[in-house]
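Survey of secondary and tertiary structure
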Number of protein chains: 2
Amino acid sequence: MAMENQYLSRIEEALASYLPAKDCLQKDVIEAMEYSLLAGGKRIRPTLTLEFCRVCGGDVQAAMPFACAVEMIHSYSLIHDDLPCMDNSDLRRGRPANHIQYGEDIALLAGDGLLTLAFETALSPESIKLAGAQRGAEAARLLAKAAGAEGMVGGQVIDLQHENQRAPIEVLLEMDRKKTGALIQAAAQMGCAVAGADQKQREAAVEYAACVGLAFQIRDDILDVISDPETLGKPVGSDDKNEKSTYVSLLGMEKAQQLVNELTQQAESALSAFSEDTAFLREFAQSLANRGY
Amino acid sequence: MAMENQYLSRIEEALASYLPAKDCLQKDVIEAMEYSLLAGGKRIRPTLTLEFCRVCGGDVQAAMPFACAVEMIHSYSLIHDDLPCMDNSDLRRGRPANHIQYGEDIALLAGDGLLTLAFETALSPESIKLAGAQRGAEAARLLAKAAGAEGMVGGQVIDLQHENQRAPIEVLLEMDRKKTGALIQAAAQMGCAVAGADQKQREAAVEYAACVGLAFQIRDDILDVISDPETLGKPVGSDDKNEKSTYVSLLGMEKAQQLVNELTQQAESALSAFSEDTAFLREFAQSLANRGY
């Protein structure tokens, strides 16, 4: 992203601080957790948690454990996604995937460890003291719901089931709503929950996050086409049976980008529910929609 | 176990009730979660949660979500343990392992789904309403801490690292304390947390669970020897380099069973901290220590 993320260094620092100490017999798995969790990235989800907490009038520091928890969930999902029995990817963010670096067994356990650490972090005594038990428990529950079989894990299953077939747009939307949308929505919702936001603000946050999440996914499909020299110039919507459905293959390039723009506008409109300055969230939505490869 | 567990049918019913509905595109993973979660077993951990809640004067029904949560964690750990990159076990409780039945990808995700469902269950609005937010958040945190890289996941890593070598007894104790002990202790502690038990009762619960957990593990090693016709009669402590250390190989059969008995007595003594009737917990400890194969 071209825009500046004022939260980035604080998020990085907090993520590192929540990892367990390595002076133990099982330090390999903690190193493997650190390898993936501190591998950089845009930190979209924690940024949304912190900023929605702020625009709802909450204490940003109280939202930090929840911001880091959602990033831990995202990080674990990438480790498990890359495993040989899943996408079998050797590379992640330009480095060897976790299981290439540490072996499949440690990578599996590092994913399990990060998933578990998310809840330990969200529910730590310090976190509950700052956020309050009621709000803290609610935020952690929103995260669990979004990450589980009715959310992200469910979306990954739908993805697996349609790996080598053309799915209709309804299935693609349902898959993305669960696979990536649910966690992005939970990130925004947790910020609201920690701030004790009212119903109107919570609904606006969900709408913003749903639109931004889907726009991000469609933009991903567009970038996949225009950044791949082999694909570039091929007729979109080719009936190659092994090709997965994408928004570009189903809608065409022009309509896909149009949808990205509409969703981004809808996200921006939702921000009228907040009286605090929402310039950052507007810019954030635009930067995700217009990002290059 | 020969003894009657009064909670068993309520636990089974509650576990089934917490699984997500199957009328969705990702029903495969929910079936796989159900396959392992409802596969029976002794339900040792949830029983401890419920009974410790009762002997601390708490509402057993309020402890049920936490009891089921710890069993979901146990169940996920078995699914991931059986995967080819871990123990590569085809059978579990006399049935095909989860990945044999559903494929490795779905089994991996079913494990992730159960791990996540544990926290969704523990932190559900109904659960928090019954237990109270402060106690509920504390119980869920105890579970996360025990299940993660400093607990169960850490113990599995220590186990992996000593697979083909003789570990000294200190390492064996540290491994079991984390791999199985931590979750059994969390089960007991959660019951105390939901009941709002005092410090003295919490410490007694931890001592009871630590002793019972270790006794259970040592008895497992004993049963492994006396139930295996090939091993039976072989000199204990044979220096076969491929053999893992066990309490029997390190201590000898007689001392191992003596330690089981001592730990069981210590567990029973710890129960003097409770004014409620602890006959069930005494009998429970004895039945685990004396169980046959």
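Summarised in this report is the structure supplied together with it. Computed from a predicted structure; not experimentally measured.

Moving on, we come to the overall build of chain A. Helix and strand counts for chain A come out as 14 helices and two strands. Relative to a compact globule of 293 residues, whose C-alpha radius of gyration would be 19 Å, chain A shows 19 Å and is just as compact. Taken along its principal axes, the extent of the C-alpha atoms in chain A is 55 × 50 × 35 Å. When each of the 293 residues of chain A is scored for burial, the buried share is 57%. In chain A, once contacts between residues fewer than 6 apart in sequence are set aside, the share between residues at least 24 apart is 75%. When the accessible area of chain A is evaluated, it comes to approximately 11,700 Å², of which 47% is carbon and sulfur surface. Looking at charge distribution, chain A has the averaged site of its 27 positive side-chain charges lying 3 Å from that of its 43 negative ones.

Turning our eyes to something else, we now look at the relation of the copies chain A and chain B. One chain copy maps onto the other through a rotation about an axis and a shift parallel to that axis. The transformation that overlays chain A on chain B combines an axial shift of 0.0 Å with a rotation of 180°, and the residual RMSD is 0.0 Å. The symmetry that links the two subunits is that of a two-fold axis. Interface overlap between copies: 100% of the residues of chain A at the interface are likewise at the interface in chain B, consistent with a symmetric, same-surface contact.

So, on to the nonpolar core. Of all hydrophobic cores here, the largest spans 209 residues; its most connected members are A:F52, A:I73, A:Y208, B:F52, B:I73 and B:Y208. Residues within four places of B:Y208 in sequence aside, it is in contact with B:L48, B:F52, B:A267, B:A270, B:L271, B:L281, B:F284 and B:A285.

Residues and elements named next belong to chain A. Tracing the chain through its elements places S75 in helix 4 (residues 60–82). S75 gets classed as buried once you look at its relative accessible area, which sits at 5%. Ignoring anything within four residues of it in the chain, the contact list for S75 reads S36, L37 and L114.

Rules and cut-offs
- Residues numbered from 1 in each chain as written.
- Chains lettered and ligands numbered in written order.
- Predicted model: local features only at pLDDT ≥ 70, side-chain atom pairs only at ≥ 80, totals over all residues.
- Heavy atoms only, no water.
- Helix = DSSP H or I, 4+ residues; strand = E, 2+ residues; numbered from the N terminus.
- Rg over C-alpha atoms; globule rule 2.2 N^0.38 Å.
- Buried < 20%, exposed > 50% of the residue type's maximum accessible area, 1.4 Å probe, protein only.
- Contact = heavy atoms within 4.5 Å.
- Areas by Shrake-Rupley, 256 points an atom, 1.4 Å probe, with all protein chains shown as cover.
- Lys, Arg positive; Asp, Glu negative; His and termini not counted.
- Charge placed at Lys NZ, Arg CZ, Asp CG, Glu CD.
- Least-squares fit on C-alpha atoms with pLDDT ≥ 70 in both.
- Core = buried A, V, L, I, M, F, W, Y, C linked by side-chain atoms within 4.5 Å.

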